[in-house]
Amino acid sequence: MSLSLKKATAYTVGLGLVVASLAACSSSSTSSTGTATGGSGGGSGQLIGVFMPTTQLPRWNRDGDELKKDLTADGYKVSVQYADNKNDQQISQIETAINDNAKVLVIASIDGTTLGPTLAKAKAKGIKVIAYDRLILNTPNVDYYDTFDNQKVGTLQGQFIVKQLGLDAGKGPFNFEAFAGSPDDNNAAFFFKGAYDVLKPYVDSGKLVSVSGKWPKTVDDWKQIGILGWGSDKAQAEMENRLNSFYTGGKKVQVVLSPNDSLALGISKALQNAGYTAADFPVLTGQDADQANTVNILNGLQSMTVWKDTRAEAKQAAKMVKEILDNTTVDVNNTTDYNNGVKVVPSFLLAPQVVTKDTVQSILVDSGFWTKKDLGLS
Ligand code: GAL
């Protein structure tokens, strides 16, 4: 059952005092990679399991590094594992942590619909679960959700397109191509809904012309234009196919909705290979402020990215871990919208931010997210 995109029926979920039972403290060994121990915090060496999808998608490396740093500083033993985007591998890693008596699991799931049986084992041992960035679905055994407002990411992408093209100032029509994220990632549904709700009126009015026709009839049909595993190569191949099939005889694509930077990187390569330059590059959106994409933005080969400061997201998850294990109130700011198909999961949402060529310095460099050197700036 896929997560319905409709906001959950309004629940009166009393914020109240969320008091998690303090799991029995017991030291445990762990054989996983990326384990760190120490730090001056009160974590008393309790094991925390951290599970990221893959190192191949740049942003998750930052998340894992920051979580290891913050949780270690709090005195926990931390096992950070990556699963090469292989769902069975991630499930096996989580089960190992459960057997190793981890106290809290922080999970950026590969396929959030498949963890029910594993998380039932966690529940049976009093282990708490934080869904990280991607909501875990169809199980009561996820205790908290730490994320950016992912529908807002899509809304910002849609609004950027409208503004950049001057659609509300009578400009248009423009040749438009749309992409969506990995069909197994329910975040992709949120990204697409945010953008779709903004852009649909302009497609319906003919201001945005889906030349390839790859524009879903309804918001729930987004998987039709999804790119499995968020692969840059797959996105590049799809863009090349569209260019070769629909953009002949001098017809130019003028705007591309890409939900994140890994797809935008492939799309940008396809456009450059087809002869597009900064002088006639289409409006191209993205997300994550990945290094290569930020350089592309500076060089006019991508128009914007939606920045989610993964340091802040990781710090928030580490804070939740400490609040759980210190048996204090777990700080959340959304207790109504994230229905995972079984329950509304108490969540903490952070705010995403648009970055363009003019704000790379003030937002990404000045915050230390990237250095000038990282970006080839003098
Ligand atoms: C999403 C995540 C995005 C995007 C994508 C690929 O779930 O929220 O930041 O990068 O995965 O990693």
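Residues numbered from 1 in each chain as written. Predicted model: local features only at pLDDT ≥ 70, side-chain atom pairs only at ≥ 80, totals over all residues. Heavy atoms only, no water.

## Structural notes on the pattern of salt bridges
Basically, it comes down to this: Criterion for a salt bridge: a side-chain nitrogen of Lys or Arg within 4 Å of a carboxyl oxygen of Asp or Glu. The helix count covers DSSP runs of H or I at least four residues long, the strand count covers runs of E at least two residues long, and both are numbered beginning at the N terminus. Whether a residue is buried, partly exposed or exposed follows from its accessible area with a 1.4 Å probe, protein chains only, as a fraction of its type maximum: under 20%, in between, or over 50%, in that order.
One pass over the full model with this rule turns up 22 salt bridges. Salt-bridge contacts for lysine 252 lead to aspartate 280; the nearest nitrogen and oxygen are separated by 3.3 Å. Taken together, the residues lysine 252 in the loop between helix 6 (232-246) and strand 9 (255-257) and aspartate 280 in the loop between helix 7 (261-273) and strand 10 (283-284) connect sequence positions 28 residues apart. Relative accessible area serves as the criterion here: at 31%, aspartate 280 is assigned to the partly exposed category. Among the charged side chains, a network of salt bridges with common partners joins Arg59, Asp63, Asp133, Lys308 and Glu313.

## Focus on the confidence of the model for the protein chain
Quick reminder of the rule: As a per-residue measure, pLDDT tells how confident the predictor is, with possible values from 0 to 100. Any two residues whose heavy atoms approach within 4.5 Å at even a single point are treated as in contact.
Scored by pLDDT, the protein chain comes out at a mean of 92, with 89% of its residues at no less than 70. At the level of individual helices and strands, the protein chain shows its lowest average pLDDT in strand 1 (residues 35-36), which scores 68, and its highest in strand 9, which scores 99. Residue range residues 8-33 is modelled with pLDDT below 50. Its contacts to residues more than four positions away, or to other chains, number 48 contacts.

## Details of the packing of aromatic side chains
Condition: In summary, the pairing rule links any two rings of Phe, Tyr or Trp, Trp by its six-membered ring, whose centres are within 6.5 Å, and it sorts them by plane angle into stacked for under 30 degrees, edge-to-face for over 60 and tilted for everything else. We call a charge positioned over a ring when the NZ of a Lys or the CZ of an Arg lies within 6 Å of the ring centre and within 35 degrees of the ring normal.
Taken as a whole, this structure holds 9 aromatic pairs when the rule is applied. Ring geometry for tryptophan 307 against phenylalanine 369: centres 5.3 Å apart, planes inclined by 70°, an arrangement best described as edge-to-face. Taken together, the residues tryptophan 307 in strand 11 (residues 305-307) and phenylalanine 369 in the segment after helix 10 (360-365) connect sequence positions 62 residues apart. For tryptophan 307, a relative accessible area of 7% translates into the label buried. Exposure remark for phenylalanine 369: the relative accessible area of 3% places this residue in the buried category. A connected cluster of aromatic rings, assembled from ring pairs, spans Phe176, Phe192, Tyr196 and Trp215. Taking NZ or CZ as reference, arginine 59 lies 4.0 Å from the ring centre of tryptophan 60, over its face. Seen from the ring of tryptophan 370, arginine 62 lies directly overhead, with NZ or CZ sitting 4.3 Å from the centre.

## Some details on helix 3 (residues 116-124)
We apply this condition: Within this analysis, the arc is defined by the directions that extend from the helix axis to the C-beta atoms.
All of the buried residues along helix 3 are Gly116, Thr118, Leu119 and Ala122. Along helix 3, the residues classed as buried sweep out an arc of 155° about the axis, all on the same side. Facing away from the buried side of helix 3 by more than 90 degrees, the exposed set consists of Pro117 and Ala124. Those residues of helix 3 that are buried lie in contact with helix 2 (87-99), strand 4 (104-107) and strand 5 (128-132). Phi for glycine 126, located one or two positions after helix 3, is positive at around 70°.

## Description of the environment of glutamine 291
The criterion, for reference: Pairs of N or O atoms within 3.5 Å make up the polar contacts considered here, provided that, within protein, one atom can donate a hydrogen while the other can accept it, and that residues adjacent in sequence are counted only when both atoms are side-chain atoms.
Among the secondary structure elements, glutamine 291 is positioned in helix 8 (residues 291-298). When the C-alpha positions of glutamine 291 and arginine 59 are compared, they lie 9.5 Å apart, and in sequence the two are 232 residues distant. Ignoring sequence-local partners within four residues, the contact set of glutamine 291 consists of Trp370, Asp374 and Leu375. Only 2.7 Å separates the side chain of glutamine 291 from the backbone oxygen of aspartate 374, close enough to count as a polar contact.

## Some thoughts on the packing of helix 7 against helix 8
Counted only if it meets this: Think of each axis as a best-fit line through the C-alpha atoms, taken over the contacting stretch in the case of a helix, with angles from 0 to 180 degrees between the N-to-C directions. Note on terminology: angles under 35 degrees are roughly parallel, angles over 145 are roughly antiparallel, angles of 65 to 115 are roughly perpendicular, and the others are oblique. Should the near helix be turned anticlockwise from the far one by less than a right angle, the crossing is termed left-handed; should it be turned clockwise, right-handed. By the convention adopted, Pro, Cys, Tyr, Trp, Phe, Met, Ile, Leu, Val and Ala count as nonpolar, Lys, Arg, Asp and Glu as charged, and the other residues, Gly among them, as polar.
In the contact formed by helix 7 and helix 8, the axes pass within 9 Å of each other and the chain directions differ by 55°. With respect to helix 8, the axis of helix 7 lies oblique. When the axes of helix 7 and helix 8 are compared, the crossing they make is left-handed. In contact with Asp261, Ala264, Leu265 and Ser268 of helix 7, helix 8 contributes Ala292, Asn293 and Asn296. Across the contact of helix 7 with helix 8, the residue classes tally to 3 nonpolar, 3 polar and 1 charged.

## What to know about the site of the ligand
Put simply, the test is: Nearness is judged by heavy atoms alone; a residue qualifies as near a molecule or strand once a single heavy atom is within 4 Å of it. Note on areas: Shrake-Rupley with a 1.4 Å probe; residue coverage comes only from the protein chains shown. These domain limits were set by an automatic method or by a database of domain assignments.
Residues in contact with the ligand amount to 13 residues; listed here are only the nearest, Asp133, Arg134, Asp185, Asp288 and Lys308. In the environment of the ligand, an oxygen atom lies 3.1 Å from a nitrogen or oxygen atom belonging to the side chain of asparagine 187. Against a free-state accessible area of 300 Å², the protein chains account for coverage of 99% of the ligand. Composition of the shell around the ligand by domain shows at least three residues from each of domain 1 (3-142 + 310-345) and domain 2 (150-307).

## Some words on the packing of helix 1 (residues 59-73) against helix 9 (residues 310-325)
Axis separation between helix 1 and helix 9 bottoms out at 8 Å; the angle between their running directions is 40°. Judged by the angle between their axes, helix 1 and helix 9 are oblique. Once helix 1 is placed against helix 9, the crossing between them reads as right-handed. Here helix 1 contributes Arg59, Arg62, Asp63, Glu66, Leu67, Lys69, Asp70 and Leu71 to the contact with helix 9, which in turn contributes Thr310, Arg311, Glu313, Ala314, Lys315, Ala317, Ala318 and Val321. Classifying every residue of the contact of helix 1 with helix 9 by side-chain character gives 6 nonpolar, 1 polar and 9 charged.

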